Amino acid sequence: MSGVQVPPPLPVKGFIVLLLHDKPQTFPRQSHIRSHVLIGPRWHHSEQNGMQPFPVRSVHPCAFSAQCHQTASLDKPLSRSEIGSNLRCRSTPFPARVLFKGEQESMASQANSGSDLGFEADLFKMADKLRGNLEPSEYKHVALGLIFLKYISEAFEYHRAKLLLEEYADPEDPEEYLASNVFWVPQEARWEHLQANAKRPQINFTDVTTGKERVGDIGNLIDNAMDAIERANVAVLKDVLPKEYGRPQLDKTMLGELIDLFSKVGMHSADGKSKDLLGRAYEYFISQFAGAEGRRGGEFFTPRSVVQTIVEMLEPHNGRVYDPCCGSGGMFVQSERFIENHQGRRSDIAIYGQERNHTTWKLCKMNLAVRGIDADIKWNNEGSFLSDAFPTLKFDYAMANPPFNISDWWQPQLEGDVRWKFGQPPAGNANFAWLQHIIHHLAPRGTAGVVLANGSMSSQQSGEGDIRKAMIEGDVVDCMVALPGQLFYSTQIPACLWFLARDKSANGHRDRKGHFLFIDARNLGHMVDRTRREFSEADIATITGAYHRWRAKPEAGLGEYQDIPGFCRSATLEEVRKHGFVLTPGRYVGAEDVEGDDTPFEERLGAFQGKLDEHFGESERLANLIRERLAGVVVGG
């Protein structure tokens, strides 16, 4: 391990060693280390800082099965230097991944349980107790609006405290805050003002709309605060914030208790760097409300593990990021998180999105605001097909989870649209309209990840097979991932991920023209409750690791890609042609071929009813036959 600072010897007993296709010196960034590289019992290598302490994250042994050359259980003590110098693959000096015996299962359990979400989970439980009989779909706007208000008020107060220490600064000048990307919060909207009045039955205040004095309750005071903040930050927050706290149906005692609850949450550390507690809480609350609302919840929220998989696959380091049906903005939040984890700058990417549901658009704007993310998010009633908000823009990355199999999207003016390069989509299903809309918006070197129903991989109905064939022949499909069921709030049917590329030889990767990667991830994931499954960090690393090795050049240091029977396989265009341009991964990796929802529900139901009628008819025939036979029996004869 030339050039690597080896930590002092520390004997360790009994651990499992997996020898992997990785080189520690080539990965200075911790997020890569998490998913790809050498992890000693307590150390990782950083080009900037040498050997550094790093908490081991457990990975299920099968997660790196493609990379293993040798597995060994060792009982004798070994120092860190012995680990570095003695444990080598015979042909190549691959480093080792080390997990302590006994810790493997406990660490895997900890990683899977999302233990870092303890704060958010506890806060949500407490907030949910205050909900009473209010429906989750209504309560989410109450709770999320207050979290947003608390967040921007805390950010404002911290920046105001800094300005008070500067000789020539004016802490009451809004421009002082805007220059630092902090929202200006007027006096009547500051959290301390709301908290001081939270339990009062009657409150005197000045209405920011009329300028007149009025008497109201805490609900009216919150509405007034929201209005004041919108007026002070029109460019970003106009018509975004909820202003229905004053309605008579809302329990004002509950509002006061909710303010008290959120008042206990601090956001900033002593040095002023955000711990992002309220940002994390906002995201967690959205996910829990989505689960409570079921199918409707899936319209505004994509589960975090699915979003993380898409983002980690695409690796959006810099450029324009686009989502044509952005929901509450989860793709954007995860993209920003990816940038930060790779020591990049937020300014390296520009974010663009469109959403047709106005309520969901508001959630997105607030979600990005509490994360401090600057984005261009458009809303209109028509949606991306009929009223494309960015008709001339091209994007480096596109990520989307459009509604599955929507049948009421078509309008006559879409006939012959320039976006239908690979064929006009059927009026009864928008799946291939979404794919072509996204391809149309990709830059010459752009890539995309899209969630769609399984039927999109194999359907031959209404010309969909011909469009898929044209896309394959046009070499814009890069990778297909079959997902397990129960990942989504909106549907229990299995789904898949399409990864698209305008140029399969660009962006520093190897030339993959005429080749396609198929990944069958249906056996990954774990149940987090009775109805829903999630990917763990190890699952995501398994999927993304296979894709990154497949597309990488040898000099990238990720190791050689290998097919894994039942999980992943690289196929040629000729092979895909032989399979009739069906892209179901099971056909290629050697797993059971499940087509998912290829047949429309109405047809499946009709076929089932037909078979059921046949069984009922046969049952009735047999019953009559038995009656006839019994009637012919002479008792005692």
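Heads up: the structure comes first, above all this text.
Residues numbered from 1 in each chain as written. Predicted model: local features only at pLDDT ≥ 70, side-chain atom pairs only at ≥ 80, totals over all residues. Heavy atoms only, no water.

Peer 1: Give a description of the overall build of the protein that names residues and reports values.
Peer 2: Tallying secondary structure elements over the protein gives 21 helices and 18 strands in all. Here the protein holds 637 residues, and 52% of them are scored as buried. Restricting the contact set of the protein to residue pairs at least 6 apart, pairs at least 24 apart contribute 70%. Of the roughly 29200 Å² of accessible surface on the protein, 50% is carried by carbon and sulfur atoms. (Helix = DSSP H or I, 4+ residues; strand = E, 2+ residues; numbered from the N terminus. Buried < 20%, exposed > 50% of the residue type's maximum accessible area, 1.4 Å probe, protein only. Contact = heavy atoms within 4.5 Å. Areas by Shrake-Rupley, 256 points an atom, 1.4 Å probe, with all protein chains shown as cover.)

Peer 1: Tell me what's going on with the pattern of salt bridges, and back it up with residues and numbers.
Peer 2: Applying the stated criterion across every chain, the model contains 23 salt bridges. The partner of Lys504 in a salt bridge is Asp475, and the shortest N-O contact between them spans 2.8 Å. Of this pair, Lys504 sits in the loop between strand S14 (495-501) and strand S15 (515-520) while Asp475 sits in the loop between helix H17 (464-473) and strand S13 (477-482), and the two are 29 residues apart along the sequence. Several salt bridges converge on common partners, so that one network encompasses Glu138, Glu244 and Arg247. (Salt bridge = Lys/Arg side-chain N within 4 Å of Asp/Glu carboxyl O.)

Peer 1: Help me get a handle on the packing of aromatic side chains, residues and values and all.
Peer 2: As enumerated under the stated definition, the model contains 20 aromatic pairs in all. Judged by centre distance (6.0 Å) and plane angle (90°), the rings of Trp409 and Trp420 are edge-to-face. Here the residue Trp409 occupies a position in the loop between strand S11 (395-400) and helix H16 (431-440), and Trp420 occupies one in the loop between S11 and H16, the gap between them amounting to 11 residues. Ring geometry for Phe518 versus Tyr588: centroids 3.9 Å apart, planes at 5°, classification stacked. Of the two residues, Phe518 sits in strand S15 while Tyr588 sits in helix H20 (residues 586-589), which places them 70 residues apart along the sequence. Take Phe518 and Tyr588: they sit in the same class, and that class is buried. (Phe/Tyr/Trp six-rings, centres within 6.5 Å; stacked < 30°, edge-to-face > 60°.)

Peer 1: Lay out the sheet that holds strand S10 (residues 375-379) with the relevant residues and their values.
Peer 2: Taken together, nine strands build an open sheet; the order of strands is S10-S9-S8-S11-S12-S14-S13-S15-S18 and the sheet is mixed. Of all strands in the sheet, those with a lone pairing partner are S10 and strand S18 (568-572), marking the two edges. Each adjacent strand pair in this sheet contributes to an overall mean axis angle of 15°, direction not counted. (Pairing = 2+ DSSP bridges. Axes fitted to C-alpha atoms, helices over the stretch in contact; angles between N-to-C directions.)

Peer 1: Account for the packing of helix H12 (residues 304-314) against helix H18 (residues 537-551), with residues named and values stated.
Peer 2: Across the interface, H12 lies against H18 with an axial gap of 9 Å and an inter-helix angle of 25°. The orientation of H12 with respect to H18, classified from their angle, is roughly parallel. The element H12 and its partner H18 pack so that their crossing is right-handed. Contact residues: Ser305, Gln308, Thr309, Glu312, Met313 and Leu314 in H12; Glu537, Ile540, Ile543, Thr544, Tyr547, His548 and Arg551 in H18. (Parallel < 35°, antiparallel > 145°, perpendicular 65-115°, else oblique. Left-handed = near helix turned anticlockwise from the far one by under 90°.)

Peer 1: Outline the packing of H16 against H17, listing residues and values.
Peer 2: For the pair H16 and H17, interaxial distance at closest approach is 11 Å and the crossing angle is 25°. Compared by their axis directions, H16 and H17 come out roughly parallel. Handedness of the H16/H17 crossing: left-handed. Across from Phe432, Leu435, Gln436 and Ile439 in H16, the residues of H17 making contact are Glu464, Ile467, Arg468 and Met471. Per-class residue counts for the contact of H16 with H17 are five nonpolar, one polar and two charged. (Nonpolar A, V, L, I, M, F, W, Y, C, P; charged D, E, K, R; others polar.)

Peer 1: Quick rundown of the environment of Gly474? Include the residues and the values.
Peer 2: Mapped onto the secondary structure, Gly474 falls in the loop between H17 and S13. Under the relative-accessibility criterion, Gly474 is labelled partly exposed at 41%. Considered as a pair, Gly474 and Arg502 are 28 residues apart in the sequence and their alpha carbons are 9.3 Å apart.

Peer 1: Residue-level account of the nonpolar core, with values.
Peer 2: In summary, soluble globular proteins display a tendency toward joint burial of nonpolar side chains. Membership of the largest hydrophobic core comes to 107 residues, with the highest contact counts inside it found for Leu146, Ile222, Leu258, Phe285 and Val481. Take this core: its biggest share by element is 12 residues, from helix H5 (residues 136-164). Excluding anything up to four places from it in sequence, Val481 contacts Met313, Cys496, Leu497, Phe499, Ile519, Ala521, Ile543 and Pro585. (Core = buried A, V, L, I, M, F, W, Y, C linked by side-chain atoms within 4.5 Å.)

Peer 1: Mind laying out the pairing of S11, listing which residues take part and the relevant values?
Peer 2: Burial analysis of S11 places five of its six residues in the buried class, which makes it a mostly covered element. Relative to S11, strand S8 (residues 319-323) is paired through two bridges, and the arrangement is parallel. Pairing of Tyr322 across the sheet is with Ala398, part of S11. Examined bridge by bridge, S11 and strand S12 (residues 442-453) share five bridges and lie parallel to one another. Across the sheet, Phe395 pairs through a bridge with Leu442, a residue of S12. The β-α-β motif built from S11, the intervening H16 and the parallel element S12 has right-handed crossover chirality. (Right-handed = clockwise from strand over helix to strand, strands pointing away.)

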